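What follows is the residue order along each chain.
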Amino acid sequence: MKKCFEKKFTLIELLVVIAIIAILAGMLMPALSQARARATGVKCCGNMKQVASAIQMYVGDYKDVLECYLYDPVASKESLIGDVLVNEGKYIPKEVMNCPNVRLGNGSLHWSSGILDCGKGGGDSFYLARVNEWGAFCQRDGYSQFFLMNRMRVPASTFIIGDTFIVSGGSMGYGFFFMNPQVVIENSAGAALHNEHMTLGYADGHVESNDLNYLKQEGFTKVCKQSQIIDL
Ligand SMILES: [Zn+2]
């Protein structure tokens, strides 16, 4: 009896099949990586929503004052709101402080939200340009920075936290970093980590995923994109 598939493939035929598979894989990979970026963007929004809600609870407990950064000169000790939200234990679990798209060289996650810097960490030009529209809500006391939430005029359009990335040196492992839309602070800047979108959390507790055009319109001039700080 004759076997049905007696003929063997030639080398050329095998190479053609391999080439077709490679082309198909090449077409699929960008779609897969985009889908992955979209998924991490959704998770990031979920995390930041929890942080924004925790901030709402915190300011409810502390007379509408958000202590962004507190420096105790006597003890020479600093604390950032991220530390407070996590360390007090009642506001937020540590894991949600991570952007799922930010990993250290060893693969571990680290905290990656930045709190809006109104001049404590860098320049105050971004904040001062918005004082009329957003309200004069920022107060600084020595090295410390506070937000008086009840002075905010438009909480729904006033972003106070966002994806932030440190491009080299240092560690973001304590609380929030400062995020200044126009000044690079300690090698870090607001970061477009999800298909060139940056997650921002607003004073009313909602979050948005915004693209580079939107960030530029909002006044961002320094943004981290693919581990590099670029000018918008
Ligand atoms: Zn993120």
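Our structure is the block above this text.
All values derive from a computational prediction rather than experimental measurement.

Enquirer: Would you explain helix α3 (residues 125-134) in this entry?
Expert: For an α-helix, 3.6 residues make a turn, and residues three or four places apart therefore share a direction. Taken together, the buried positions of α3 are occupied by F126, Y127 and W134. Buried positions in α3, seen along its axis, are confined to an arc of 75° and lie on one side of it. Exposed and oriented more than 90 degrees from the buried face of α3 are A129 and N132. Next to the buried residues of α3 lie β6 (138-141). G135, located one to two residues past α3, shows a positive phi value of around 95°.

Enquirer: Help me out: how do you make sense of unusual backbone geometry in this one?
Expert: Leaving glycine out, the prevailing phi sign among residues is negative, and the prevailing peptide bond configuration is trans. Of note, the phi angle at E186 is positive, near 45°, even though the residue is not glycine. Within the secondary structure, E186 sits in the loop between β9 (177-179) and β10 (188-190). Using a count of 15 C-beta atoms within 10 Å as the deciding quantity, one classes E186 as partly exposed. The phi torsion at E196 lies on the positive side, around 60°, for a residue other than glycine. Looking at the element boundaries, E196 is found in the loop between β10 and β11 (197-202). The partly exposed category is assigned to E196, around which 15 C-beta atoms lie within 10 Å.

Enquirer: Hey, could you run me through the pairing of strand β5 (residues 113-116) in this one?
Expert: Taken residue by residue, a regular strand's side chains alternate between the two faces of the sheet. Across three bridges, β5 lies against strand β8 (residues 159-166) in antiparallel orientation. Following the sheet pairing, G114 is matched in β8 by G162. Across three bridges, the pairing between β5 and β9 is parallel. Paired with I115 across the two strands is F178, which belongs to β9.

Enquirer: So what exactly am I meant to see when it comes to the nonpolar core here?
Expert: The tendency in soluble globular proteins is for nonpolar side chains to be buried as a group. In terms of nonpolar packing, the biggest core is built from 50 residues, with V51, L66, I115, F147, I160 and A191 touching the most fellow members. Sort the elements by how many residues they give to this core and helix α1 (residues 11-61) lands first, with seven residues.

Enquirer: Would you mind showing me how to read α1 here?
Expert: In a regular helix each residue adds 1.5 Å, so 51 residues correspond to 75 Å; α1 covers 73 Å between its end C-alpha atoms and thus fits that length. Along α1, the sharpest kink reaches roughly 25°, centred on L28 and followed within four residues by the proline P30. Every buried residue belonging to α1 is among G41, C44, N47, M48, V51, A52, A54, I55 and Y58, and all of these are buried. Immediately beyond the C-terminal end of α1, within one or two residues, lies K63, with a positive phi of roughly 55°.

Enquirer: Mind showing me how you'd approach the sheet that holds β6 here?
Expert: Two modes of strand pairing occur in sheets, parallel and antiparallel, and in both the strands are linked by backbone hydrogen bonds. Spatial ordering of the open sheet is given by β2-β1-β7-β6, a layout of four strands whose pairing is antiparallel. Whereas interior strands pair on both sides, the edge strands pair on one side only; in this sheet they are β2 (77-80) and β6. Averaged over all neighbouring strand pairs, the angle between strand axes comes to 20°, with direction disregarded. Of the pairings in the sheet, the one linking strand β1 (residues 65-72) to strand β7 (residues 144-148) comprises four bridges and is antiparallel in character. Paired with Y69 across the bridge in β7 is Q145.

Here is what the cut-offs are and how they apply
Residues numbered from 1 in each chain as written. Predicted model: local features only at pLDDT ≥ 70, side-chain atom pairs only at ≥ 80, totals over all residues. Buried ≥ 20, exposed ≤ 12 C-beta atoms within 10 Å, placed from the backbone. Helix = DSSP H or I, 4+ residues; strand = E, 2+ residues; numbered from the N terminus. Arc of directions from axis to C-beta. Contact = placed C-beta atoms within 7 Å. Pairing = 2+ DSSP bridges. Core = buried A, V, L, I, M, F, W, Y, C linked by C-beta atoms within 7 Å. Expected span 1.5 Å × (residues − 1). Bend = angle between axes of the 7 residues up to and from the residue. Axes fitted to C-alpha atoms, helices over the stretch in contact; angles between N-to-C directions.

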